[in-house]
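One-letter residues, chain by chain:
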Amino acid sequence: MVDKTRLYLSEMGVDIFWFRTKPITNHGSDDNLSIIEKNVEDCKKCSLHKIRDNIVFGDGDSSADLMIIGEAPGREEDKAGKPFIGRAGKLLNSFLSSINLDRESIFITNTVKCRPPENRNPSEAEIQSCSGFLDRQIDIIKPKVLVLLGKIAANRLLNQDKPISELRLKKFFIEKYNIPIIVFYHPAYILRSPSQKTKVWDDLKFLKSIISSDDC
Ligand code: URA
Ligand code: SF4
């Protein structure tokens, strides 16, 4: 039925790459996520809690098919308690809208939920301390595709210490989640190296091909 609908729509020229086939079965997931959010608010597991203005839990659709994981909140995110709202976030929004995805239809979070000082990389110990929250978010949201932005998120989920150039444009499957996991350049890197912007288009096309494939 889904395939027929897809065929029909595509013959009409309707862009159907983002066709939600997952039944919305995880009702109540907002409640579950809010329990975790409360735990994050109370969390003092690493020293980042001392300097945060706000935790940045993540936001978007709690039953999203696509979940995006960044690195850590920056200054603006820490002030507002929302992920990806600064310059990198605006660039990310424009990448997503170029393939007809909007922020409300996906779930975006970070590897660590509190801002590291001076935007340094989160340490291995901080990433470990925060890992249970991210794992629980993935378990509840049950996305069909995970996009990891940059090296910190890629290392954390894939356990691979390789440059992004060797990880992007590949599908990873890990034992815990039987869904495609893909790696993108982090938009903050693209802001620093605008000459790499054309590569983002390849990343986006790759994502688009995955979410329009029959596995999604
Ligand atoms: N960079 C990130 O990795 N996450 C944010 O929320 C903002 C910038
Ligand atoms: Fe807790 Fe994570 Fe914040 Fe560290 S970064 S205090 S582990 S929520």
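Residues numbered from 1 in each chain as written. Chains lettered and ligands numbered in written order. Predicted model: local features only at pLDDT ≥ 70, side-chain atom pairs only at ≥ 80, totals over all residues. Heavy atoms only, no water.

## As for the overall build of the chain
Turning to step 1, where the next piece is worked out: Assigned secondary structure in the chain consists of 9 helices and 5 strands.
Turning to step 2, where the next piece is worked out: Written out in order from the N terminus, the α and β elements of the chain read α-α-β-β-α-α-β-α-β-α-α-β-α-α.
Turning to step 3, where the next piece is worked out: Across the 216 residues of the chain, 50% fall into the buried class.
Turning to step 4, where the next piece is worked out: Sequence-distant contacts in the chain: of pairs separated by 6 or more residues, those separated by 24 or more amount to 72%. (Helix = DSSP H or I, 4+ residues; strand = E, 2+ residues; numbered from the N terminus. Buried < 20%, exposed > 50% of the residue type's maximum accessible area, 1.4 Å probe, protein only. Contact = heavy atoms within 4.5 Å.)

## Observations regarding the packing of helix 4 (residues 87–98) against helix 9 (residues 197–211)
Turning to step 1, where the next piece is worked out: Two elements in contact, helix 4 and helix 9, have axes whose closest approach is 10 Å; the angle formed by their N-to-C orientations is 50°. Overall, the two elements helix 4 and helix 9 adopt an arrangement that is oblique. Once helix 4 is placed against helix 9, the crossing between them reads as right-handed. For the pair formed by helix 4 and helix 9, the contact residues are Leu-91, Phe-95 and Ser-98 on the first element and Lys-197, Val-200, Trp-201 and Leu-204 on the second.
Turning to step 2, where the next piece is worked out: Within the contact of helix 4 with helix 9, the residues separate by chemical class into 5 nonpolar, 1 polar and 1 charged. (Axes fitted to C-alpha atoms, helices over the stretch in contact; angles between N-to-C directions. Parallel < 35°, antiparallel > 145°, perpendicular 65-115°, else oblique. Left-handed = near helix turned anticlockwise from the far one by under 90°. Nonpolar A, V, L, I, M, F, W, Y, C, P; charged D, E, K, R; others polar.)

## Thoughts on the environment of Ile-174
Turning to step 1, where the next piece is worked out: Residue position: Ile-174 is located in the loop between helix 7 (164–167) and strand 5 (181–184).
Turning to step 2, where the next piece is worked out: A relative accessible area of 22% places Ile-174 in the partly exposed class.
Turning to step 3, where the next piece is worked out: Taking the C-alpha atoms as reference, Ile-174 lies 7.2 Å from Leu-158; in sequence the two are 16 residues apart.
Turning to step 4, where the next piece is worked out: With near-sequence residues (within four places) excluded, Ile-174 lies in contact with Leu-157, Leu-158 and Ile-181.

## Looking at the sheet that holds strand 2 (residues 66–70)
Turning to step 1, where the next piece is worked out: The strand order 1-3-2-4-5 describes an open sheet built from 5 strands, whose pairing is mixed. Unpaired on one side and paired on the other, strand 1 (59–60) and strand 5 mark the two borders of the sheet.
Turning to step 2, where the next piece is worked out: Two elements, strand 4 (residues 145–149) and strand 5, share 4 bridges in a ladder whose sense is parallel. The residue of strand 5 that forms the bridge with Val-147 is Ile-182. (Pairing = 2+ DSSP bridges.)

## Focus on the site of ligand 2
Turning to step 1, where the next piece is worked out: Around ligand 2 sit Val-40, Cys-43, Lys-45, Cys-46, His-49, Arg-52, Lys-113, Cys-114, Ser-129, Cys-130 and Phe-133, and those are all the residues in its vicinity.
Turning to step 2, where the next piece is worked out: At 3 residues, the largest contribution of residues to the shell around ligand 2 is made by helix 5 (residues 124–141).
Turning to step 3, where the next piece is worked out: Grouping the amino acids of the shell around ligand 2 by side-chain chemistry returns 6 nonpolar, 2 polar and 3 charged. (Near = heavy atom within 4 Å.)

## Some points on the site of ligand 1
Turning to step 1, where the next piece is worked out: Around ligand 1 sit Gly-70, Glu-71, Ala-72, Glu-77, Pro-83, Phe-84, Asn-110 and His-186, and that is every residue in its neighbourhood.
Turning to step 2, where the next piece is worked out: Asn-110 is positioned such that a nitrogen or oxygen atom in its side chain is 2.7 Å from a nitrogen atom of ligand 1.
Turning to step 3, where the next piece is worked out: Notes on ligand 1: free accessible area 240 Å², of which the protein chains cover 91%.
Turning to step 4, where the next piece is worked out: Class assignment for the residues of the shell around ligand 1 results in 3 nonpolar, 3 polar and 2 charged. (Polar contact = N/O pair within 3.5 Å; in protein donor to acceptor, adjacent residues only side chain to side chain. Areas by Shrake-Rupley, 256 points an atom, 1.4 Å probe, with all protein chains shown as cover.)

## Some remarks on the packing of aromatic side chains
Turning to step 1, where the next piece is worked out: One pass over the full model with this rule turns up 1 aromatic pair.
Turning to step 2, where the next piece is worked out: The residue whose ring lies beneath Lys-45 is Phe-133, and the NZ or CZ to ring-centre distance is 4.5 Å. (Phe/Tyr/Trp six-rings, centres within 6.5 Å; stacked < 30°, edge-to-face > 60°. Lys NZ or Arg CZ within 6 Å of the ring centre and 35° of its normal.)

## Some words on helix 5
Turning to step 1, where the next piece is worked out: An ideal rise of 1.5 Å per residue puts 26 Å on 18 residues; helix 5 measures up with 25 Å between its terminal C-alpha atoms.
Turning to step 2, where the next piece is worked out: In helix 5, a bend of some 45° at Cys-130 exceeds every other bend along the element.
Turning to step 3, where the next piece is worked out: Buried residues of helix 5: Glu-126, Ile-127, Cys-130, Ser-131, Phe-133, Leu-134, Gln-137, Ile-138, Ile-140 and Ile-141, and no others.
Turning to step 4, where the next piece is worked out: Looking at the buried positions of helix 5, the neighbouring elements they touch are helix 2 (29–42), strand 2, strand 3 (107–110), strand 4 and helix 6 (150–158).
Turning to step 5, where the next piece is worked out: At the exit of helix 5 stands Lys-142, carrying a positive phi of roughly 50°. (Expected span 1.5 Å × (residues − 1). Bend = angle between axes of the 7 residues up to and from the residue.)

## Concerning the nonpolar core
Turning to step 1, where the next piece is worked out: By size, the foremost hydrophobic cluster in this structure holds 59 residues, and its most contacted members are Ile-69 and Leu-207.
Turning to step 2, where the next piece is worked out: The biggest single contributor to this core is helix 5, with 7 residues.
Turning to step 3, where the next piece is worked out: If sequence neighbours within four positions are ignored, Leu-207 has contacts with Leu-66, Ile-99, Leu-101, Val-145, Val-147, Ile-182 and Phe-184. (Core = buried A, V, L, I, M, F, W, Y, C linked by side-chain atoms within 4.5 Å.)

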